[in-house]
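# Coordinate inspection notes
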Amino acid sequence: MTQDEMKKKVAEAALEYVKSGSIVGVGTGSTANMFIDALATRKDDILGAVASSEATAERLRGHGIPVLDLNEALSKVDSLSVYVDGADEFDAGKNLTKGGGGALTREKIVAAASDSFVCIVDASKRVEYLGAFPLPVEVIPMARELVTDVLRRIGGNPVLREGFITDNGNIIIDVHDLKITDARALEDELNSVPGVVTNGVFSHQGADVVLMGTADGVQTIGN
């Protein structure tokens, strides 16, 4: 089974977590795109979706799935029923790193507004320690050098993502060479730095369930 075939299988498996008559949160990236394609088969069964990026919103609309602003959605329901998204890495505690596509801030917001987070990945994303994939940090532009200095002091190798601006108008600094043994502590430490909007460690908004595509089919990790 190819990597794309594994992604397609987990994307389809995530439909089991979509409740009829609910509003669904949808992430960003290649695996999330496959979930959107699968969700199109249920579009008449849901009230709509909240997108974590402009790219995701465009793909949802292309399938005829109603896209709601999060504020609008939360005026209709108490919370989103589920958030479905991929990850760059995940560990045994279902902590994640995300943000390879640059949508980490909106992804965290939508995840926080959802009853559960179903993470859909292929087996290559499972790691013993987070950090092999460069950790994205979204930064207000005027704080670039301040944040860069902090990232170096904690042992990282920060690199500006050239030519990239987030949907929020900010920059991304990708931090290489980290070995993240305490995901929650690092998430909190980085978010306390002035100028950091958020970082790509998802521990507070970690996955409730990971659906992992393997050569033998879909493995469910968690509830």
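Values in this document were obtained by computation on a predicted structure and should not be read as measured data.

Reading the values: rules and limits
Every residue gets a number counted from 1 within its own chain, in the order that chain's sequence is written. Side-chain atom pairs in this predicted model are given and counted only at pLDDT of 80 or more, local residue features only at pLDDT of at least 70, and totals for whole chains, interfaces and linings cover all residues. Just so you know, side-chain values use all the structure's heavy atoms and leave hydrogens and water out. Note on geometry: axes are lines fitted to C-alpha atoms, helical ones only across the stretch in contact, with angles between N-to-C directions running from 0 to 180 degrees. Helix and strand definitions follow DSSP, with helices as H or I runs of at least four residues and strands as E runs of at least two, each counted in order from the N terminus. Any angle that falls under 35 degrees is termed roughly parallel, while one over 145 is termed roughly antiparallel, one within 65 to 115 roughly perpendicular, and all others oblique. A clockwise turn of the near helix away from the far one marks a right-handed crossing, whereas an anticlockwise turn of less than a right angle marks a left-handed crossing. Residue contacts are defined here by distance: any two heavy atoms, one from each residue, within 4.5 Å place the two residues in contact. In this classification, the charged set is Asp, Glu, Lys and Arg, the nonpolar set is Ala, Val, Leu, Ile, Met, Phe, Trp, Tyr, Cys and Pro, and all remaining amino acids, among them Gly, are polar. Note on aromatic pairs: the rings of Phe, Tyr and Trp (six-membered ring only in Trp) are paired at centre separations within 6.5 Å, and the planes decide the class, stacked below 30 degrees, edge-to-face beyond 60, tilted for the rest. Criterion for a charge above a ring: Arg CZ or Lys NZ at most 6 Å from the ring centre, at most 35 degrees from the ring normal.

Turning to the packing of helix α2 (residues 30–39) against helix α3 (residues 54–62), a few remarks are in order. Contact geometry of α2 with α3 gives a least axis separation of 9 Å together with a crossing angle of 25 degrees. By the criterion of interaxial angle, the relationship of α2 to α3 is roughly parallel. The way α2 lies across α3 gives a crossing that is right-handed. Residue-level contacts link Asn33, Ile36, Asp37 and Leu39 of α2 to Thr56, Arg59 and Leu60 of α3. Residues of the contact of α2 with α3, tallied by class, amount to three nonpolar, two polar and two charged.

To continue, consider the packing of aromatic side chains. Counted under the stated rule, the structure contains one aromatic pair. A cation over an aromatic ring shows up here: Lys98 above the ring of Phe202, its NZ or CZ 5.5 Å from the ring centre. Over the face of the ring belonging to Phe202 we find Lys108, whose NZ or CZ atom lies 5.2 Å from the ring centre.

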